[in-house]
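Commentary on secondary and tertiary structure
The chain contents come next:
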Amino acid sequence: MISWLRNLGMLLSVLIPGLAFADPAPFDLAGPKLEVKVTRAGKTLPISEVPNLSAGDLLSVRANLPPGQSAHYLLVVVFLRGSTNPPPENWFFSSETWNDKDGDGLKIAIPNQAQQVLIFLAPETGGDFRTLVNTIRGLPGAFVRASQDLNQAILDRSRLNIYLAAIRRIGQADPEDLRAASALLARSLSIRIDPDCLEKMPELQAPCLMQGQDTLVLDDGHSTSMIEALTSGAAVDLTLQLSDTPRTDYGYYSPYVSSIIDIARIMGALHSARYQYIPALATEQIDYLSLELNTPPSFHNPKSVIVIALPAVEPALLPPLHPVNPKEVYCAEKTELVLPVDGAPLVFSTGYAHDMFLRLKGKNGKFVDLPVKADAEKGGYVANTAGLSPTNFGDILDGSLHGYWGFEAYNGPEFRLENAHPQHWQLVEDDQQSLIVGRDDVAHIETENAACVDSILLQKPTGETIKADWKPTGPNQVSVTVPLKKAQPGHLKLLVKQYGSKEPDAIPIQAFAQAGHLDSFTLHAGDPTGVLRGSRLDEVKELDLGVVSFTPGTLNSSSGNDELCLVTSDLQGDGMLKAGQTVTAKVLLTDGRILNLETTVEAPRPRVTLIAKSIQPPPPSASASKIQLANQDELPQDAQLTFSIHAEVPSAFMGDEQIEVAAIQGAFLTTLSLAKGLILEDSQVAVATLDTAKAFGPSASGPIHFRVIENGVASDWQPLVTLVRLPSFSDLKCPAAHAEPCKLTGSNLFLLDSVSNDPHYDHPVQVPEGFPGYVLSVPHPAAGVLYVKLHDDPSVINPINFPSESLQLHPGAARVIPVTSTAQNPNLPATGTPSKASSSPAGAQQETAPAPAPAPSLLLGAPPPPESGKPERPATSQPQQHGSGFASCGSAVFGKGERI
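Residues numbered from 1 in each chain as written. Predicted model: local features only at pLDDT ≥ 70, side-chain atom pairs only at ≥ 80, totals over all residues. Heavy atoms only, no water.

Attention now goes to the overall build of the protein chain. The helix and strand inventory of the protein chain stands at 11 helices and 55 strands. The buried share among the 900 residues of the protein chain stands at 48%. Counted over contacts in the protein chain with a minimum sequence separation of 6, partners at least 24 positions apart contribute 68%. Total accessible area computed for the protein chain in this model is approximately 41,700 Å², and 52% of it derives from carbon and sulfur atoms. (Helix = DSSP H or I, 4+ residues; strand = E, 2+ residues; numbered from the N terminus. Buried < 20%, exposed > 50% of the residue type's maximum accessible area, 1.4 Å probe, protein only. Contact = heavy atoms within 4.5 Å. Areas by Shrake-Rupley, 256 points an atom, 1.4 Å probe, with all protein chains shown as cover.)

Below you can see the structure in the form of structure tokens.
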């Protein structure tokens, strides 16, 4: 970094040895003005537009002092030719500014071999000119170095002045714009900004951005190369050593600052008792140089001589200007067209680049030149295209910057422009399903060329429009912040207005509600089902793995987490998925969105085939039930079940398998293993034995199923048997009249669903739910046989044979305690009344005679049953996957090779 403030310290140290280690004062004292013009080849330019001088140039210098100037200054112009070659005496030119005959100042042709030009304003004293000549000729190197440092400081300060003025103006007008503007200013002027300043309150950003002014200006290769580099040698070695030392609040010295100290020590005898030299920074203002001082001039000994530097006499070094983004396309119809450039800060801070224009080629081959102006706040050259007719150009235009760098013609960078025309816009694929209502979301739209976008609006279905913020992200793409905080899910439109177009281009988009979260999809190779886990899985319509697709089955939720069973009927496509294969599952939602989920196919689940099963009934006893089970798949509760299975996947049992046997209804589960109830006949066949009464207890009933678990992976559940609990009967008493009901006595009669006296079950008598009695009124048996349906399996009709010795006939009816009132069940007699003959079977009764302590029915005083009769029993549910709380997603197997 080269700071103008450091260079000023250097000059002060050289010219005022006593100040070699003093902090430099700010240049805030207004000095006199100088009018300087340069003429070359018949063309005259103000000094503000001349970056370099050339031998033969006609230099016009005149002091512009106020009319009442009382102190007389001698104006001296000196040409130097290097630090080791004193200038000849005829290279010194003077003008008495107080003398009317010198009112036009000096007009001097720059001599050959001249390298630097210095101007001195010295107070009038006897011998002042001669003293100045002798001092400069005696120490030319000191003044060569002063010329270099002053020029560098002038260029650096020009950049800093533009930056500070812009920050101050924006901070007062609209502090919210500082973030964007400071970035463009920093890029254009090569200024270092503190990013922490932009995190402060808007009102505090501008003061923060202007702090530490001596450290803001960064090294600029262009302006540095315009100033002569330091020479090599012992002095440079000393400079580099000194550059490691912090001093005078400058931070760490740059080589320029280090050389200040070196020169101050070497040239300590430069000043005299009569003169001291003070530097002046020249601010270029068209024809004038406004001088700024940091030391008040003295008119007493030692009198102050003001030193001003003009640009060096050297070949022109054209600015290395280039587009910020060479691939970007700009809109020719934009009224204020900004062409972003960087690489040459001096085009923004000085007038060296002047008469600049953008050259465009029309359809007819003729060129059209548009004036442009450098604007550091906008980050480039700005052209006004208001007078440009698009019809004179094609859709695509090629333009280039041209102008002058001082006296030299300058051909700058090229730019690609386009005219506005209807475009085919579309939402990029990745954003087509990412717009979520309830928040402002970012979407990217693209077309052939996006340079001419003027504004973008969001249009709701009601026609209401809302302004959307946007910014270009490429020549063909625009990033749009879509305002969806108050929008509803559904179809919307983005209206893209281009410069010069009357109607906007409409882009259809769709906004969605917040989608559920997909955690995982578990699929075992060869399985027609898989389990999708996540949240809001009720929105899933389909899951596609490329070779096979799945549709939703059973959905189970618990604590905000969902498990969705997905099923496929394409077994051939399912078979193409191999264990360990990673695929991308595309999950289609009901609103049209598609979510991707990486899925790895798991190893095949174990699979077995049920070979056979047998039931060993309990030993006969007096209390044994007389019911003859009509379905071989019904298992009495006290019976022992034995079943055999054949290994399918894998093809052999390893010995660590477990078999889980569970009731579908209720949490009844037992596990069989080689240590408990499981025997391997060989490596492919296993035989399992189960005592259901011990395994499940007296409350288990209904369908029983089983599955095999191997290495923690479970097979599908397969149906096994239906566990039924049986009531026991002691006797059946029937009257002689067949039209009158019989009395069936026994225990656990609530385990009956209904009773009938015909095998077709045309006229059943329903047993009340939760019946607590031990006597039931039942129809008169036909040929000593009744038919019952059990509570645990009401789908099967089972016969009961009553031997003739147990069938007791009697002429009268016993006193009964009815289970329910006549109003509740017309087939039952009222409480406390003797039963009478009826055309339909009577209801349940509780006999008082044989019972030692007859108790009233537990249903007395209970709420009446529903009007439709006995409530339906709940239908058998899906098989329950014990331990997970969710339904199993596996298929069932009924017999060998039969899969459903």
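Right, let's get into the sheet that holds strand S32 (residues 582–589). Taken together, the 7 strands give an open sheet; going across it, the order is S27-S28-S31-S30-S29-S32-S33, and neighbouring strands pair in antiparallel fashion. A strand with exactly one partner marks an edge of an open sheet, and here the two such strands are strand S27 (518–523) and strand S33 (594–600). Neighbour to neighbour, the strand axes of the sheet diverge by 30° on average, direction disregarded. The sheet contact formed by strand S28 (residues 529–534) and strand S31 (residues 561–567) spans 6 bridges and is antiparallel. Opposite threonine 529, over in S31, you have valine 567 as the bridge partner. (Pairing = 2+ DSSP bridges. Axes fitted to C-alpha atoms, helices over the stretch in contact; angles between N-to-C directions.)

With that settled, consider the state of the cysteines. Working definition: the covalent bond between the sulfur atoms of two cysteines is a disulfide. Summed over the entire model, instances satisfying the criterion amount to 2 disulfides. The residue that forms a disulfide with cysteine 331 is cysteine 452, at a sulfur-sulfur distance of 2.0 Å. Looking down the S-S bond of the cysteine 331 and cysteine 452 bridge, the torsion is 100°, so its handedness is right-handed. In this pair, cysteine 331 is assigned in strand S12 (residues 329–331) and cysteine 452 in the loop between strand S20 (440–446) and strand S21 (453–459), connecting sequence segments 121 residues apart. As far as the burial class goes, cysteine 331 and cysteine 452 line up, both buried. Across a sulfur-sulfur distance of 1.9 Å, cysteine 734 and cysteine 742 are joined as a disulfide pair. Looking down the S-S bond of the cysteine 734 and cysteine 742 bridge, the torsion is 115°, so its handedness is right-handed. Judged on exposure class, the residue cysteine 734 and its partner cysteine 742 are both buried. (Disulfide = S-S within 2.5 Å.)

Glancing now at the nonpolar core. Ranked by size, the top nonpolar core spans 57 residues in total, and within it Leu34 and Phe120 carry the most contacts. No other element matches strand S4 (residues 73–80), which puts 8 residues into this core. If near-sequence neighbours (up to four positions away) are discounted, phenylalanine 120 is found in contact with Leu74, Leu75, Val76, Val78, Leu132, Ile136, Phe143, Tyr277, Val305, Ile306 and Val307. Residues Leu185, Tyr352, Leu388 and Trp405 belong to the second largest nonpolar core, which totals 40 residues. (Core = buried A, V, L, I, M, F, W, Y, C linked by side-chain atoms within 4.5 Å.)

Reading across the sheet, the 4 strands line up as S47-S46-S49-S50 and stay open at both edges, with antiparallel pairing between neighbours. Pairing within the sheet leaves two strands with one partner each, and these edge strands are strand S47 (765–766) and strand S50 (793–801). Relative to S50, strand S49 (residues 785–790) runs antiparallel, the two being bridged by 5 bridges. Bridged to leucine 786 within S50 is isoleucine 800.

Among all positions of helix H2 (residues 128–138), only Asp128, Leu132, Val133, Thr135 and Ile136 are buried. Down the axis of H2, the buried side of the element spans an arc of 165°, and every buried residue falls inside it. Looking at the buried side of H2, the elements it contacts are S4, strand S5 (92–96), strand S7 (116–123), helix H3 (140–173) and strand S8 (275–285). (Arc of directions from axis to C-beta.)

Let us look at the packing of aromatic side chains. Applying the stated rule across the entire model yields 8 aromatic pairs. Summarising the aromatic geometry, the rings of phenylalanine 120 and phenylalanine 143 are spaced 5.9 Å apart at their centres and angled 70° between planes, so their arrangement reads as edge-to-face. With a gap of 23 residues between them, phenylalanine 120 in strand S7 and phenylalanine 143 in helix H3 connect regions that are remote in the sequence. Across this residue pair, the class does not change: phenylalanine 120 and phenylalanine 143 are buried. Measuring from ring centre to ring centre gives 5.7 Å for phenylalanine 143 and tyrosine 277, while their planes differ by 80°; the resulting arrangement is edge-to-face. Taken together, the residues phenylalanine 143 in helix H3 and tyrosine 277 in strand S8 connect sequence positions 134 residues apart. This pair shows no difference in class: phenylalanine 143 is buried, exactly as tyrosine 277 is. These aromatic residues form a ring-pair network of at least three members: Phe120, Phe143 and Tyr277. Just above the ring of tryptophan 91 sits the side chain of arginine 81; from NZ or CZ to the centre is 5.2 Å. The aromatic ring of phenylalanine 367 is capped on one face by arginine 359, whose charged end is 5.5 Å from the ring centroid. (Phe/Tyr/Trp six-rings, centres within 6.5 Å; stacked < 30°, edge-to-face > 60°. Lys NZ or Arg CZ within 6 Å of the ring centre and 35° of its normal.)

The next thing to look at is unusual backbone geometry. Cis geometry is found at the peptide bond from asparagine 301 to proline 302, where omega equals -5°. Mapped onto the elements, proline 302 comes out in the loop between strand S9 (288–293) and strand S10 (303–310). Non-glycine residue serine 190 carries a positive phi angle of around 55°. Within the fold, serine 190 resides in the loop between helix H4 (178–189) and helix H5 (202–209). The buried category is assigned to serine 190, whose relative accessible area is 18%. Located in the positive-phi region is tyrosine 761, a residue other than glycine, with phi close to 60°. Relative to the helices and strands, tyrosine 761 resides in the loop between strand S46 (752–756) and S47.

The subject of this paragraph is H4. Given a rise of 1.5 Å per residue, 12 residues ought to cover 16 Å, and the 16 Å separating the end C-alpha atoms of H4 matches this to within 8%. Among all positions in H4, only Leu178, Ala181, Ser182, Leu185, Ala186, Ser188 and Leu189 are buried. Burial along H4 is one-sided: seen end-on, the buried residues are contained in an arc of 165°. One or two steps after H4, the chain reaches serine 190, where phi turns positive at roughly 55°. (Expected span 1.5 Å × (residues − 1).)

Here we come to the pairing of strand S14 (residues 353–361). Every other side chain in a regular strand lies on the same face of the sheet, so the side chains alternate between the two faces. Bridging between S14 and strand S17 (residues 396–405) involves 6 bridges; their strand directions are antiparallel. Following the sheet pairing, leucine 358 is matched in S17 by leucine 401. Two strands pair when backbone bridges link them, and S14 and strand S15 (residues 367–375) are joined in this way by 5 bridges, in the antiparallel orientation. Within S15, the position partnered with arginine 359 by the bridge is aspartate 369. Connecting S14 to the antiparallel partner S15 that follows it, the hairpin turn spans 5 residues, and glycine 365 within it adopts a positive phi of roughly 90°.

Examined bridge by bridge, S15 and strand S16 (residues 380–384) share 4 bridges and lie antiparallel to one another. Looking across to S16, one finds that aspartate 375 is bridged to glycine 380. Two successive antiparallel strands, S15 and S16, enclose a turn made up of 4 residues, where glycine 379 displays a positive phi of approximately 85°.

What follows is about the pattern of salt bridges. For side chains bearing opposite charge, pairing can occur when the charged atoms are close. By the definition in use, this model includes 22 salt bridges. Between arginine 40 and glutamate 408 there is a salt bridge whose closest N-O contact spans 3.9 Å. Linking arginine 40 in strand S1 (residues 29–40) with glutamate 408 in strand S18 (residues 408–418), this pair joins segments that are 368 residues apart in sequence. The exposure class assigned to arginine 40 is buried, which follows from its relative accessible area of 17%. Between arginine 416 and aspartate 398 there is a salt bridge whose closest N-O contact spans 2.5 Å. Here the residue arginine 416 occupies a position in strand S18, and aspartate 398 occupies one in strand S17, the gap between them amounting to 18 residues. Ionic contacts of the salt-bridge type, sharing partners, join the residues Glu35, Lys37 and Arg62 into one network. (Salt bridge = Lys/Arg side-chain N within 4 Å of Asp/Glu carboxyl O.)

What follows concerns the environment of glutamate 681. Structurally, the position occupied by glutamate 681 is in the loop between strand S39 (678–680) and strand S40 (685–691). The exposed category is assigned to glutamate 681, whose relative accessible area is 56%. Once the C-alpha coordinates of glutamate 681 and serine 644 are considered, the two residues, 37 residues apart in sequence, prove to be 9.2 Å apart.

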